[in-house]
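If you want the building blocks of each chain, they are given just below.
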Amino acid sequence: MSSRPELNARISEAMRDAIADAVLNNERIARNIGIHLVDMQTLGVIMRRDRPVTPTEIATMTGLPTSTVTRVVGRLEAMGFVQRTPDPEDRRSIVVTADPEALARVLDPNPYAAIVEALERHNDQYTDAELETVARWLESVTRGVAEG
């Protein structure tokens, strides 16, 4: 069995590799559908909120400067992926709402399908209990990194 420092090093290296692979896959997919990678990732962040969000919230969630968020939202709106509307709680502000149907039309066929299928095949070698541990670990790491 590996020591804790060895395990931490293995996990760190594996995470770096997984992140690099994910970024490169997402870059390829974004390029193929004709969208900037930062736009696609920002759209994903907006869609996961499952409610309208303000540009300030987008900047906080993505770490992007508000000036960049303004440009990204403008490009996404021009492509029909989001709509900007007045904030019903503060008419001086706007909210951004994603249009999942517009993205679904662009992602048909789904470029992530092969990745998901490969992950599911890979997961077949593990028990449900092991996968539960992996899922819990990834969820907590994601929360921990986001919270700083």
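This text follows the structure it describes.
Residues numbered from 1 in each chain as written. Predicted model: local features only at pLDDT ≥ 70, side-chain atom pairs only at ≥ 80, totals over all residues. Heavy atoms only, no water.

1. Focus: a nonpolar patch on the surface
Our working rule: Exposure above 30% relative accessible area and no salt bridge define the residues that can form patches, which grow by joining like charges within 9 Å and nonpolar side chains of Val, Leu, Ile, Met, Phe, Trp and Tyr within 5 Å. Exposure was quantified through the Shrake-Rupley algorithm and a 1.4 Å probe, taking into account, for residues, occlusion by the shown protein chains and nothing else. Whenever a carboxyl oxygen of Asp or Glu lies within 4 Å of a side-chain nitrogen of Lys or Arg, that contact is scored as a salt bridge. Helix and strand definitions follow DSSP, with helices as H or I runs of at least four residues and strands as E runs of at least two, each counted in order from the N terminus.
A surface patch of nonpolar side chains, amounting to about 320 Å² of accessible area, comprises Ile-11, Val-134, Trp-137 and Leu-138. Looking at which element gives the most residues to the nonpolar patch, the answer is helix α7 (residues 128–147), with 3 residues. Inspection of the secondary structure assignment puts Ile-11 in helix α1 (residues 4–33).

2. So, the pairing of strand β2 (residues 90–98)
Condition: Following DSSP output, two strands are said to pair if at least two bridges run between them.
In this sheet, β2 lies alongside strand β1 (residues 82–87) in antiparallel orientation, the contact comprising 6 bridges. Directly across from Pro-86, in β2, lies its bridge partner Ile-94. With antiparallel pairing between neighbouring strands as the criterion, β1 and β2 make up a hairpin whose turn holds 2 residues.

3. Quick notes on α1
Put simply, the test is: Multiply 1.5 Å by the residue count of a helix minus one, and that product is the helix's expected span.
Taking 1.5 Å as the rise per residue, α1 with 30 residues should run 44 Å; its terminal C-alpha atoms sit 43 Å apart, in good agreement. Residue Gly-34 follows α1 closely and has a positive phi angle near 80°.

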